[in-house]
Amino acid sequence: MERREQQPGASGAAAASALDFTVENVEKALHQLYYDPNIENKNLAQKWLMQAQVSPQAWHFSWQLLQPDKVPEIQYFGASALHIKISRYWSDIPTDQYETLKAQLFTQITRFASGSKIVLTRLCVALASLALSMMPDTWPCAVADMVRLFQAEDSPVDGQGRCLALLELLTVLPEEFQTSRLPQYRKGLVRASLAVECGAVFPLLEQLLQQPSSPSCVRQKVLKCFSSWVQLEVPLQDCEALIQAAFAALQDSELFDSSVEAIVNAISQPDAQRYVNTLLKLIPLVLGLQEQLRQAVQNGDMETSHGICRIAVALGENHSRALLDQVEHWQSFLALVNMIMFCTGIPGHYPVNETTSSLTLTFWYTLQDDILSFEAEKQAVYQQVYRPVYFQLVDVLLHKAQFPSDEEYGFWSSDEKEQFRIYRVDISDTLMYVYEMLGAELLSNLYDKLGRLLTSSEEPYSWQHTEALLYGFQSIAETIDVNYSDVVPGLIGLIPRISISNVQLADTVMFTIGALSEWLADHPVMINSVLPLVLHALGNPELSVSSVSTLKKICRECKYDLPPYAANIVAVSQDVLMKQIHKTSQCMWLMQALGFLLSALQVEEILKNLHSLISPYIQQLEKLAEEIPNPSNKLAIVHILGLLSNLFTTLDVSHHEDEHEGPELRKLPVPQGPNPVVVVLQQVFQLIQKVLSKWLNDAQVVEAVCAIFEKSVKTLLDDFAPMVPQLCEMLGRMYSTIPQASALDLTRQLVHIFAHEPAHFPPIEALFLLVTSVTLTLFQQGPRDHPDIVDSFMQLLAQALKRKPDLFLCERLDVKAIFQCAVLALKFPEAPTVKASCGFFTELLPRCGEVEPVGKVVQEDGRMLLIAVLEAIGGQASRSLMDCFADILFALNKHCFSLLSMWIKEALQPPGFPSARLSPEQKDSFSQQILRERVNKRRVKEMVKEFTLLCRGLHGTDYTADY
């Protein structure tokens, strides 16, 4: 394309003249799209071509692009353009042209039956779309007509070519129906019409599939066509003959994949469970595949074993309830279950030697749910049959969960290792679910096996076997309450006997101890059996995640029983922190663990431990505060501040979180005197200020400083009170120098917790006024570069109105400017900022009556707010935000009704506002609906959704389906 002809694809695309969309220009653009090495030119061509496809000229150039002398890429574009015009712009086609269009498409399909397959498919899709739009009224027997026309002997195309073209057309017809943009009521009519028409399709498919002379390519197409039609929920009994033919075709390796797909799709239809007799006939057919399955496994033919497994699982998983109901056929269903068990335990390691076993896991959930849903008597009968099956399943799953040999595992790629990890998680979830069926006997079973393994002197056991049994225990203990299990003490006793020679085994030992931490809290005498193992593992970087998370769980659950071990835990933790054994996130977890641990000590002990624990970091921070800022010392500062934050997140001596446990579990009285965290914060406050003074313009450091105080405030609540004045002062200085969102978030926390207390109101009010003044100045300079600050500011204002509306009574607060800035924020492109601004208005409007400055500004500027809301609904804001704008309308209606009834009529008066697509009647109807609804917020949200679709021209289209 020449430069002039590229123009329609650029920003002036909408203004492109009709003359641009000529056959020559389309061909040039396609050449540019496929062959131009410049990516910008390709994108330009693609945009222009997309416009060309939807232009009125597409009706003209599409047929010309299909000429025999054109290359397939150009013909394909012509066929695609026809499909787009028919499927999306059907209403543009005059009814008297339907037959001509139909005849032209038939002609082209016949011509391409011996031509390019990709073009043939697009033409078939176009004719399918036409048929769906004409059925059932204008073209009542569409499918039968297609079959008749393609079977006509006078066609120039050979029989096989015609047959394949007809099968392609019949295959894409149901697929096009599934993705079509037909309105819902039309979809129902067309579906019913297609269900009738399958009477013209299935006999043809049966004939072609069973005819010995049918070539393989035709039989394959027949299976794909059948697969496509069954997804229209055709009654299963009508598919019986074709399903049986598909089972027979499984013996042909060329047809295997297509046969599997067809059988699975037919069996998986939700409606299929109604046809129990047909389902019962399918069981012997599936069981008849067992020999083929065994051969495939023996020969390492993963594709065949995978396909047969899919069929068995489809029948079992989709219809277990219906088949269990047929009690007299229990043995044949049990045989199917055993076949699926074989697939679960298929030899080899997932995902390297097999990928089949993972398909079966959901079946075991479904079968268990169905058994447990029966009434008591029937359930008891089936429990008797299936409990042994589920015990066998546990053995199979634990065998499949075993790691390969170290040598073999070493050759696995990182992707294969990750897939195996996810597979083990799925097995873990299944074991946890199976516990509901098997109960405590399952734990006893695992314990007996582990005990025999660890105490047997006859044969050396593999670490993989031990690890898998422990993994089974861990899977159940993580989510099931095992506090009353009589085997856990024995298990805790066995753990130290395990010879740990391998990282995977060590990891599982750690995670198992972590899963038993609640049990240890109830049996503290056993802590000493396992704690040394955990502390020892802390020194191994390979066990970083498992050892640190296990220590954290023990410190959280057992903190009141840990004082005797505290000195040792702190010493080991300090040592590994100083040696920098763990990555940043594990260091943070370790600090949280120590916070839990210290919370249970006496105040003097806490202070002593805190001193030894954080002194090295304070010294390091003092040194860093003297240095000139650079990237490496920034990382160190953020790391140290993060460690302090995480320590203060869990160091809570006031037992807030334990109150629900009753007074008898509180082993320590609430201490008198200053809170240890506050003592430490006051000691390091000057140092933090010094660090800040050098790093004020770095968002990460400011965020890390704010996080220390934010987490401390959340944990300490009222105990933080002594720090409030100096923190308010520091925040004010920080924010005045360089405004940052994290400072506003911390201010919001302080407002939330302390603003209602008279003693703290003065410093908080001063801080609130200061940050508001600074932010309003920022708005004057241009707030678009700071959506995060605007977002946090709106949240702060909303919190102030919620917790302490008196903050808005201060004469120095410019409520009018705040209101105007919030209206401006409603127009930001960032969704979180808009949500926060809407949240501010929904808190502000209910205060119109009680807070005089708020009432005054709403009266003066409320109309401006309404116009901004209507603009957003009219199309300026994302549809996902409509509920937030509906909340503002609801609040206006509820709290400022007389003003809204006057404003909304005036605002909607101008033509084209808020959208040129609206009629005066639609606007009038909307305003009346809104004004009538002052109680039901959900109804207002529905009204706004309807109205925004009208404004955007989307009402009644398929775009609204998920909305």
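Residues numbered from 1 in each chain as written. Predicted model: local features only at pLDDT ≥ 70, side-chain atom pairs only at ≥ 80, totals over all residues. Heavy atoms only, no water.

A.B. asks: Explanation requested: the overall build of the protein in the structure shown.
C.D. replies: The helix and strand tally for the protein stands at 45 helices and 0 strands. Along the first, second and third principal axes, the C-alpha set of the protein runs to 100 × 90 × 60 Å. Contacts in the protein between residues at least 24 apart in sequence constitute 74% of all its contacts with a sequence separation of at least 6. Put simply, the protein shows about 42200 Å² of open surface, and 52% of that area lies on carbon and sulfur atoms. (Helix = DSSP H or I, 4+ residues; strand = E, 2+ residues; numbered from the N terminus. Contact = heavy atoms within 4.5 Å. Areas by Shrake-Rupley, 256 points an atom, 1.4 Å probe, with all protein chains shown as cover.)

A.B. asks: Explain helix α30 (residues 584-599) here, please?
C.D. replies: Helical geometry: 3.6 residues make up each α-helical turn, so side chains three or four residues apart lie on a common side. Helix length check: α30 (16 residues) gives 23 Å between terminal C-alpha atoms against 22 Å at 1.5 Å per residue, within 8%. Most of α30 sits inside the fold, with 13 of its 16 residues counted as buried. (Expected span 1.5 Å × (residues − 1). Buried < 20%, exposed > 50% of the residue type's maximum accessible area, 1.4 Å probe, protein only.)

A.B. asks: Even after reading the chapter, I still don't get the nonpolar core, so can you show me in this structure?
C.D. replies: Generally speaking, soluble globular proteins have nonpolar side chains that are buried together. Judged by nonpolar contacts, the single largest core of 333 residues is most densely connected at Trp229, Tyr386, Phe709, Phe720, Phe808 and Phe885. Broken down by element, the residue count for this core peaks at 12 residues, all from helix α7 (residues 117-134). Look past the residues within four positions of Phe720 in its chain and what remains in contact with it is Val678, Leu681, Phe709, Ser712, Val713, Leu727, Leu750 and Phe754. Ranked by size, the runner-up nonpolar core spans 14 residues in total, among them Phe21, Leu30, Ile74 and Ala81. (Core = buried A, V, L, I, M, F, W, Y, C linked by side-chain atoms within 4.5 Å.)

A.B. asks: Quick question: what am I supposed to make of the environment of Leu813 here?
C.D. replies: By the secondary structure assignment, Leu813 is in the loop between α38 (787-803) and α39 (815-825). Residues in contact with Leu813, not counting those within four places in the same chain, are Phe768, Leu769, Thr772, Leu807, Phe808 and Ile818.

A.B. asks: Looking at this model, I keep getting lost on the UniProt feature "domain: Importin N-terminal" (unreviewed entry) in the protein. Mind explaining?
C.D. replies: Feature annotation in UniProt assigns "domain: Importin N-terminal" (unreviewed entry) to the following positions: residues 45-111. From the first C-alpha to the last, residues 45-111 spans 29 Å; its make-up is 73% helix and 0% strand. (UniProt positions renumbered as here; feature names shortened; annotations may be inferred.)

A.B. asks: Looking at this structure, how should I read the layout of surface pockets?
C.D. replies: Vacant regions in the atomic arrangement are exposed by a probe of water-molecule size rolled over the atoms. Considering only enclosed or pocket space, the second largest pocket measures out at about 690 Å³ in volume. In this structure, the second largest pocket is lined by 28 residues; those nearest its centre are Phe403, Arg421, Arg424, Asp507 and Phe511. Looking at the lining of the second largest pocket, the elements that each hand over two or more residues are α21 (414-438), α23 (463-479), α25 (503-515) and α28 (544-557). (1 Å grid on protein atoms, 1.4 Å probe; cavity = no way out; pocket = protein on both sides within 12 Å on 5 of 7 lines; lining within 4 Å. Points joined across faces, edges and corners; volume = space filled by probe spheres on them.)

A.B. asks: Honestly, the packing of aromatic side chains in this entry has me stumped. Any pointers?
C.D. replies: Describing an aromatic ring pair means giving the distance of the ring centres and the angle of the ring planes. All chains considered together, the criterion is met by 25 aromatic pairs. A centroid spacing of 5.2 Å and a plane angle of 45° characterise the contact between Phe21 and Trp48, whose relative ring orientation is tilted. With Phe21 in the loop between α1 (3-6) and α2 (23-35) and Trp48 in helix α3 (residues 39-54), this residue pair connects regions lying 27 residues apart in the sequence. Under the relative-accessibility criterion, Phe21 is labelled buried at 8%. One aromatic cluster is present, built from ring pairs that chain together Tyr350, Phe403, Tyr409, Trp412, Phe420, Tyr423 and Trp463. The ring of Phe342 has Arg294 sitting right over it, with the charged end atom 5.7 Å from the ring centre. Between the NZ or CZ atom of Lys804 and the centre of the ring of Phe761, over which it lies, the distance is 5.3 Å. (Phe/Tyr/Trp six-rings, centres within 6.5 Å; stacked < 30°, edge-to-face > 60°. Lys NZ or Arg CZ within 6 Å of the ring centre and 35° of its normal.)

A.B. asks: What is the right way to look at helix α11 (residues 216-230) in this model?
C.D. replies: Along its 15 residues, α11 runs 21 Å from first to last C-alpha, staying within 8% of the 21 Å computed at 1.5 Å per residue. Taken across its 15 residues, α11 has 11 buried, putting it largely inside the fold. Among all positions of α11, only Val218, Arg219, Lys221, Val222, Leu223, Cys225, Phe226, Ser227, Ser228, Trp229 and Val230 are buried. The inward-facing, buried residues of α11 contact α8 (142-151), α9 (159-179), α10 (184-210), α12 (240-249) and α13 (256-268).

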